[in-house]
Amino acid sequence: EISLGLVGSEMCIRDRNKKDIVFFRDNGYLIKRKVLNTELMAQARDRLWEGAPPQLDRHNPSTWVGPFLEPSEDKTNAQKNYRWNYRQPGNEPFMVDLLPKNPSVWRMAEQLLGQGTLVEPDRVRGIYCTLPYGEVPKKPSTGCHVDAHPFHLGVVGYIDDVLPEGGSFMVWPGSHHTFYYDFHSQYKNEPTEQYEVHRQEFSQLPGADCHGHAGDIIFWHHRIGHTASHNYSSQIRQAILYDFRKTDLPQTMEEPPNEDMWRDWIGITCE
């Protein structure tokens, strides 16, 4: 298994763990490489293409360039412009095993939030894709946002390579320290007036392009500013998303932001 450190002596693992946790605390995200199971990723890619519209031919990359010619409003297999959110297989057991119940992913989440505190996963969000933009002029990022639903720790898993400027999960490092206090509650979508002010300010700054290879994952704090970046590569960006929640979320989500924003994060407060 992979923890928040690398294989080595106990002292090296402990030091690396601390560096990873401090990086996550300060920046609000953390990338870990080569974590996901290759066979399950291949199964997820096959499953994705089972739900592909006729416009896309798996064996002809020239057909992958967006936008979608016939948008689909089906929430389980939504396709619009360059976005393709295939949620239908999200509750299939292999998808859960691929990301949240991957032993390494689960262990790392427990290191941050506390062993035995997490809700047992029964589904992931689905496979979220961004089609290539093709030969179009590059344009600035659309800016960042904070997710609306209550959770603690997000994780994105790439099931295929995501090149630089290839539609990666993009974050605004450190923005979680500001956005956490821009809501009336810790976890619910109750923004104050300052949220939009700060969102526009952060959106003027460059985000961090979290590109990577198949099997890489990105952990992210629930209040970090983020977006799905533009895809100027020739590949479809393919990612699976899951939101870790602690079992006490129904009791804590309406509480106002805590002076110590890491109160619910056992792995952070122990460092």
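Numbers given to residues run from 1 along each chain, matching the order in which its sequence is written. Predicted model: local features are reported for residues with pLDDT of at least 70 only, side-chain atom pairs are reported and counted for 80 or more only, and whole-chain, interface and lining totals are derived from all residues. Calculated side-chain values reflect all of the structure's heavy atoms, with hydrogen atoms and water omitted.

## Here we look at the side chain of H176
Then, in step 1: Relative to the helices and strands, H176 is located in helix 5 (residues 176-179).
Then, in step 2: Judged by relative accessible area, H176 falls into the buried class, the value being 0%.
Then, in step 3: Side chain to side chain, H176 and H177 meet in a polar contact 3.3 Å long.
Then, in step 4: The criterion used for residue contact is that any of the two residues' heavy atoms lie within 4.5 Å. Filtering out sequence-adjacent residues up to four positions away, H176 remains in contact with F24, R25, D26, N27, G28, H221, R223, I224, M261 and W262. Secondary structure elements follow DSSP: runs of H or I no shorter than four residues count as helices, runs of E no shorter than two count as strands, and numbering proceeds from the N terminus. When accessible area is computed with a 1.4 Å probe and restricted to protein chains, residues below 20% of their type maximum are described as buried, those above 50% as exposed, and intermediate ones as partly exposed. Residues adjacent in sequence count toward polar contacts only when both atoms are side-chain atoms; beyond that, a polar contact is any pair of N or O atoms within 3.5 Å, and within protein one must be able to donate a hydrogen and the other to accept it.

## Concerning the sheet that holds strand 5 (residues 153-158)
Then, in step 1: Whether two strands pair depends on DSSP finding at least two bridges between them. Strands sit in the order 1-8-5-10-4-3-2 across an open sheet of 7 strands; the sheet is antiparallel. Across the chains shown, the open sheet's two edge strands, defined by having one partner strand only, are strand 1 (29-32) and strand 2 (77-80). Strand-to-strand, the axes of this sheet are offset by a mean angle of 20 degrees, without reference to chain direction.
Then, in step 2: When strand 5 meets strand 10 (residues 237-244), the two strands line up antiparallel, connected through 6 bridges. Along strand 10, the bridge assignment pairs V156 with L241.
Then, in step 3: Along the sheet face, helix 4 (residues 103-113) touches strand 1, strand 5, strand 8 (217-221) and strand 10 and points at about 20 degrees away from the line of strand 8. For helices, the fitted axis covers only the stretch in contact; all axes are lines through C-alpha atoms, and the angles between them, taken along N-to-C directions, range from 0 to 180 degrees.

## Considerations on the pairing of strand 3 (residues 83-86)
Then, in step 1: Where strand 2 meets strand 3, 4 bridges bridge the pair, whose relative direction is antiparallel. Within strand 3, the residue paired with N77 across the bridge is Y86.
Then, in step 2: Connecting strand 2 to the next strand, strand 3, in antiparallel fashion are 2 residues, including N81 with a positive phi near 55 degrees.
Then, in step 3: Across 4 bridges, the pairing between strand 3 and strand 4 (residues 126-130) is antiparallel. By the bridge assignment, W84 is partnered in strand 4 with C129.

## Here's the deal with the sheet that holds strand 9 (residues 226-228)
Then, in step 1: Pairing is antiparallel across the open sheet formed by 3 strands, whose spatial order is 7-6-9. The sheet is open, and its two edges are formed by strand 7 (208-210) and strand 9, each paired on a single side. Put simply, the sheet's adjacent strands are angled 25 degrees from each other on average, direction ignored.

## Here's the deal with the pairing of strand 4
Then, in step 1: The buried fraction of strand 4 amounts to 5 of the 5 residues, a majority that puts the element mostly inside the structure.
Then, in step 2: Direction of pairing for strand 4 relative to strand 10: antiparallel, over a ladder of 5 bridges. Note that in strand 10 the partner of I127 across the bridge is I240.

## Quick look at the nonpolar core
Then, in step 1: Ranked by internal contacts, the top residues of the largest apolar core, which has 46 residues, are F24, L153, I217, F219, I240, F244 and W265.
Then, in step 2: The residues touching I217, leaving out its near neighbours within four places in the chain, are L30, I31, K32, V35, L36, L99, V105, M108, V155, V156 and G157.
Then, in step 3: Of all hydrophobic cores here, the second largest spans 15 residues; its members include Y128, V162, I218 and A239. Put simply, a nonpolar core is a bunch of buried Ala, Val, Leu, Ile, Met, Phe, Trp, Tyr and Cys residues held in one set by side-chain atoms that sit within 4.5 Å of each other.

## Quick notes on the packing of aromatic side chains
Then, in step 1: In summary, the pairing rule links any two rings of Phe, Tyr or Trp, Trp by its six-membered ring, whose centres are within 6.5 Å, and it sorts them by plane angle into stacked for under 30 degrees, edge-to-face for over 60 and tilted for everything else. Applying the stated criterion across every chain, the model contains 18 aromatic pairs.
Then, in step 2: Look at F24 and W265: their rings are 5.6 Å apart centre to centre, the planes differ by 40 degrees, and that puts the pair in the tilted class. Placement of the pair is F24 in helix 1 (residues 10-27) and W265 in the loop between helix 7 (249-252) and helix 8 (266-269), with a sequence separation of 241 residues. Like F24, the residue W265 is buried in the burial classification.
Then, in step 3: Centre to centre, the rings of F179 and F202 are 5.2 Å apart; their planes meet at 50 degrees, and the pair counts as tilted. One end of the pair, F179, is in helix 5; the other, F202, is in helix 6 (residues 193-203), with 23 residues separating them in the sequence. Neither F179 nor F202 differs from the other in exposure class; each is buried.
Then, in step 4: Connected via pairs of aromatic rings, a cluster forms that spans W49, W64, F68, W84 and Y86.
Then, in step 5: Over the ring of W106 we find K101; its NZ or CZ atom is 3.9 Å from the centre of that ring.
Then, in step 6: For the cation-ring pair, R223 lies above F183, with the distance from its terminal atom to the ring centre recorded as 3.7 Å. Distance and angle both matter: a charge sits over a ring if NZ of Lys or CZ of Arg is within 6 Å of the ring centre and within 35 degrees of the ring normal.

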